[in-house]
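The lines below spell out each chain.
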Amino acid sequence: MSDSTPTASDEAAQNAALQNAVIAGIQPGQPAHVLAEALRYAKLLGAPLVVAHVDVTRFVTYEDPDGYVHSAPIDLNIDAGAAEFEDVQKAATEALEQEDIVWTARQLVGDPALAIKQLAEKLDAQLIVIGTRKRGIGESIREFFTGSVAARLAHRQHRSVLVVPQTESVPDDQQDVWEE
């Protein structure tokens, strides 16, 4: 089962069917084993799987009383988030189409940690699975200013957060962990 961003009336019905889900925070180009780990835990827990992508180029303008979120782009000339969500949906469909599990894809907007936290609260999620960030100076600078999504999730809600390494581990004798 897969869908795009649901309408307000559809979202309530879907949320009811997705209670106690495992949420996988996925980005385009992320290694497939991050989603595979989320799938493994969803199967172990007998839970549905929600593949969530957060569009950081949009922000929440207001939320209806029924929970439907309205958003607007930060820059009116770009819609990169839609293309990224399509990539995430395509990768999830390829990885999950042969699996015997209930799953869906959701497009979230705004700050990744807060958006995933809010979704987890709506679904009373059992587990949140995310990948570590890519190594490199650009990502180090971004994390310095925005903080680690994993750390912010771990400190701002009560659910367990599984952080899956994206790449091979750094050798113990390597001085700079963020070298490429």
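Residues numbered from 1 in each chain as written. Predicted model: local features only at pLDDT ≥ 70, side-chain atom pairs only at ≥ 80, totals over all residues. Heavy atoms only, no water.

### Some points on the overall build of the chain
Here comes step 1: Per the secondary structure count, the chain includes six helices and seven strands.
Here comes step 2: The secondary structure elements of the chain, listed N-terminal to C-terminal, are α-β-α-β-β-β-α-β-α-β-α-α-β.
Here comes step 3: A buried classification covers 37% of the 180 residues belonging to the chain.
Here comes step 4: Taken as a whole, the chain presents about 10100 Å² of accessible surface, with 53% of it coming from carbon and sulfur. (Helix = DSSP H or I, 4+ residues; strand = E, 2+ residues; numbered from the N terminus. Buried < 20%, exposed > 50% of the residue type's maximum accessible area, 1.4 Å probe, protein only. Areas by Shrake-Rupley, 256 points an atom, 1.4 Å probe, with all protein chains shown as cover.)

### Quick notes on the pattern of salt bridges
Here comes step 1: Summed over the entire model, instances satisfying the criterion amount to five salt bridges.
Here comes step 2: Among the ionic pairs, Asp111 bridges to Arg152, the shortest N-O distance being 2.5 Å. Residue Asp111 is located in the loop between strand 5 (103-109) and helix 4 (112-123), and its partner Arg152 is located in helix 6 (residues 149-156); the two are separated by 41 residues in the primary sequence.
Here comes step 3: For Asp111, a relative accessible area of 28% translates into the label partly exposed.
Here comes step 4: A salt bridge links Glu121 to Lys117; the shortest N-O distance between them is 3.8 Å. A residue pair is termed a helical-turn pair when its members lie 3 or 4 positions apart in one helix, as Glu121 and Lys117 do in helix 4 at four residues. (Salt bridge = Lys/Arg side-chain N within 4 Å of Asp/Glu carboxyl O.)

### Focus: the pairing of strand 1 (residues 22-25)
Here comes step 1: Going residue by residue along strand 1, you find Val22 and Ala24 tucked away on one face and Ile23 and Gly25 tucked away on the opposite face as well.
Here comes step 2: Pairing between strand 1 and strand 2 (residues 49-55): four bridges, direction parallel. When the bridges of strand 2 are listed, Val22 appears paired with Leu49.
Here comes step 3: The parallel pair strand 1 and strand 2, bridged by helix 2 (residues 32-45), forms a crossover whose chirality is right-handed.
Here comes step 4: Looking at chain direction, strand 1 and strand 6 (residues 127-131) are connected through four bridges and run parallel. Note that in strand 6 the partner of Ala24 across the bridge is Val129. (Pairing = 2+ DSSP bridges. Right-handed = clockwise from strand over helix to strand, strands pointing away.)

### Details of helix 2
Here comes step 1: Taking 1.5 Å of rise per residue, 14 residues should cover 20 Å, and helix 2 covers 20 Å from first to last C-alpha, within 8% of that figure.
Here comes step 2: Listed as buried for helix 2 are Val34, Leu35, Ala38, Leu39 and Ala42. Projected down its long axis, helix 2 carries its buried residues within an arc of 135 degrees, all on one side. Along helix 2, exposed side chains directed more than 90 degrees from the buried face belong to Ala32 and Leu44.
Here comes step 3: Remark: Gly46 follows helix 2 within two positions and exhibits a positive phi of approximately 65 degrees. (Expected span 1.5 Å × (residues − 1). Arc of directions from axis to C-beta.)

### So, unusual backbone geometry
Here comes step 1: A positive phi angle, near 65 degrees, is found at Asn20, a position not held by glycine.
Here comes step 2: Topologically, Asn20 is positioned in the loop between helix 1 (8-17) and strand 1.
Here comes step 3: Judged by relative accessible area, Asn20 falls into the partly exposed class, the value being 35%.

### Some thoughts on the environment of Ala105
Here comes step 1: Within the secondary structure, Ala105 sits in strand 5.
Here comes step 2: Under the relative-accessibility criterion, Ala105 is labelled buried at 0%.
Here comes step 3: Separated by 55 residues in the primary sequence, Ala105 and Val50 place their C-alpha atoms 5.7 Å from one another.

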